[in-house]
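# Survey of secondary and tertiary structure
In case you want the letters, here they are:
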Amino acid sequence: MAIEQLIAGVAGGAAPPAATGRPAAGQGFEQSLGRLVTSVEGTNADANQAVSRMLDGSGDVHDAMIALQRADLTLQFTVQVRNKLVQAYQDIMRMPV
Amino acid sequence: MSTLNAAIDASASALAAERARIEVAVSNLANAESTRAPDGRPYRRRDVVLSATPVETFDAVLGRAGAIGVAVAGIVEDRAPARQRYEPSHPDADAEGFVSVPNVDPAEEMVDMVSAARAYQANLTAISLVRDLLQRALELGRG
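So, here is what we can say about the structure in this document.

Our focus in this paragraph is the overall build of chain A. Looking only at helices and strands, chain A features 4 helices and 0 strands. Element order for chain A, N to C, with α for helix and β for strand: α-α-α-α. Intrachain contacts of chain A at a sequence separation of at least 6 include 51% that bridge at least 24 residues.

What follows covers the overall build of chain B. On a plain count of helices and strands, chain B comes out with 3 helices and 4 strands. Oriented by its inertia axes, the alpha-carbon framework of chain B measures out at about 80 × 30 × 20 Å. Within chain B, buried positions represent 27% of all 143 residues. When contacts within chain B are restricted to residue pairs at least 6 apart in sequence, long-range pairs at least 24 apart make up 62% of them. Here chain B has roughly 8500 Å² of accessible surface; of this, 58% comes from carbon and sulfur atoms. Once the 15 positive and 20 negative side-chain charges of chain B are each reduced to a mean point, those two points are 5 Å apart.

The next thing to look at is the pattern of salt bridges. Once their charged atoms are close, side chains differing in charge can pair, the charge on each being opposite to the other. Residue and element names in this part refer to chain B. Within the structure shown, the criterion is met by 16 salt bridges over all chains. One salt bridge connects Asp78 with Arg45, and the closest N-O pair in it is separated by 3.0 Å. In this pair, Asp78 sits in the loop between β2 (68–77) and β3 (83–86) while Arg45 sits in the loop between α1 (2–30) and β1 (46–54), placing the two residues 33 residues apart along the sequence. Here Arg45 makes a salt bridge to Glu108, at a shortest N to O gap of 3.5 Å. Linking Arg45 in the loop between α1 and β1 with Glu108 in helix α3 (residues 106–139), this pair joins segments that are 63 residues apart in sequence.

Here the distance between the centres and the angle between the planes together describe a pair of aromatic rings. Residue and element names in this part refer to chain B. This structure, assessed with the given rule, holds 1 aromatic pair over all chains. Ring centres of Tyr86 and Phe98 lie 5.4 Å apart, and the angle between their planes is 65°; this geometry places the pair in the edge-to-face category. On the criterion of sequence distance, the pair formed by Tyr86 in strand β3 and Phe98 in strand β4 (residues 98–101) is long-range, its members being 12 residues apart. Tyr86 gets classed as exposed once you look at its relative accessible area, which sits at 54%.

At the junction of the two partners, chain A supplies 16 residues and chain B supplies 18 residues. Together, the buried faces of chain A and chain B total about 1500 Å²; carbon and sulfur atoms form 57% of this surface. Among the residues chain A hides against chain B, the three largest losses belong to His62, Leu73 and Gln80 of chain A. Together they make up 36% of the total. The interface formed by chain A and chain B includes 2 salt bridges. Measuring nitrogen to oxygen at the nearest pair gives 2.5 Å for the salt bridge that ties Arg19 of chain B to Asp60 of chain A. Summed over the shared surface of chain A and chain B, the result is 5 residue pairs in polar contact (both at pLDDT 80 or more). Looking at the side of chain A that touches chain B element by element, the count peaks at 12 residues for helix α4 (residues 61–93) of chain A. Partitioned by chemical class, the residues of the side of chain A that touches chain B number 5 nonpolar, 6 polar and 5 charged.

Working note: α-helix, 3.6 residues per turn, so residues spaced by three or four point in the same direction. In this model, α3 of chain B (34 residues) spans 49 Å end to end at C-alpha, consistent with the 50 Å of a helix rising 1.5 Å per residue. Those residues of α3 of chain B that fall on the buried side of the exposure criterion are Glu109, Met113, Ala116, Asn123, Ile127, Val130, Leu134 and Leu138 of chain B.

Residue and element names in this part refer to chain B. As for its placement among the helices and strands, Arg44 is situated in the loop between α1 and β1. It is 19 Å that separates the C-alpha atoms of Arg44 and Glu87, two residues lying 43 residues apart in sequence. Contacts of Arg44, omitting those with residues within four sequence positions, involve Glu77, Asp78, Arg79, Ala80, Pro81 and Asn103. Within the structure, the side chain of Arg44 is placed 3.0 Å from the backbone oxygen of Ala80, a separation counted as a polar contact.

So, about a nonpolar patch on the surface. All names here are of chain A. A surface patch of nonpolar side chains, amounting to about 270 Å² of accessible area, comprises Val61, Met65 and Leu68. As for its placement among the helices and strands, Val61 is situated in helix α4. A relative accessible area of 52% places Val61 in the exposed class.

Conventions we followed
Residues numbered from 1 in each chain as written. Chains lettered and ligands numbered in written order. Predicted model: local features only at pLDDT ≥ 70, side-chain atom pairs only at ≥ 80, totals over all residues. Heavy atoms only, no water. Helix = DSSP H or I, 4+ residues; strand = E, 2+ residues; numbered from the N terminus. Contact = heavy atoms within 4.5 Å. Buried < 20%, exposed > 50% of the residue type's maximum accessible area, 1.4 Å probe, protein only. Areas by Shrake-Rupley, 256 points an atom, 1.4 Å probe, with all protein chains shown as cover. Lys, Arg positive; Asp, Glu negative; His and termini not counted. Charge placed at Lys NZ, Arg CZ, Asp CG, Glu CD. Salt bridge = Lys/Arg side-chain N within 4 Å of Asp/Glu carboxyl O. Phe/Tyr/Trp six-rings, centres within 6.5 Å; stacked < 30°, edge-to-face > 60°. Buried area = accessible area lost by both parts, 1.4 Å probe. Polar contact = N/O pair within 3.5 Å; in protein donor to acceptor, adjacent residues only side chain to side chain. Nonpolar A, V, L, I, M, F, W, Y, C, P; charged D, E, K, R; others polar. Expected span 1.5 Å × (residues − 1). Patch = residues over 30% accessible without salt bridge, like charges linked within 9 Å, V, L, I, M, F, W, Y side chains within 5 Å.

So this is what it looks like as structure tokens:
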């Protein structure tokens, strides 16, 4: 639950009340992961826009660079979450019954 | 990452403000001898007015914003009188032969420009520090 709240907070800026309560069927971690991916896509789109604004002269170089860094960090965070998820799955699958 | 985002936003707003300061200092330097502006008078030295503005974040809405950014409140003209220079052959000279030249002191503009450039660098350093901190925090997940 703590992880869900953390990820919901990161992905959406603010955790909606639905995510902090008991996860309903089909919600919870899956949904949080989905929102994380959405935020990666969002920051990527922002970075694209900032770079094209910089190229056509209406934006600043530092704005483009900051948007790129933000997209990069969000992607790295998502990759880390995914790594942890896969690792936990593998640990459980290797568990002798 | 909301808190550090706010820190980066505050630094980014400072970068934009310092860029405006550099632009104004450069235009003052460029027009140090301009005796005709679009309004017909000699060019007047311009100055940037900066104001502290809270960064728009969730924390700011809740009234507990830690990061306060900066915004350009306006670009105002210096009210100091134009310098008078005796130059009767100049086309803009008045009846007594004096030309009104802009109230720009190149040395002062250079100092302004250096201070704005250093402030820009300081804010870049702050941004890269925050970026490094975030990357260090992500390393917690490795291994």
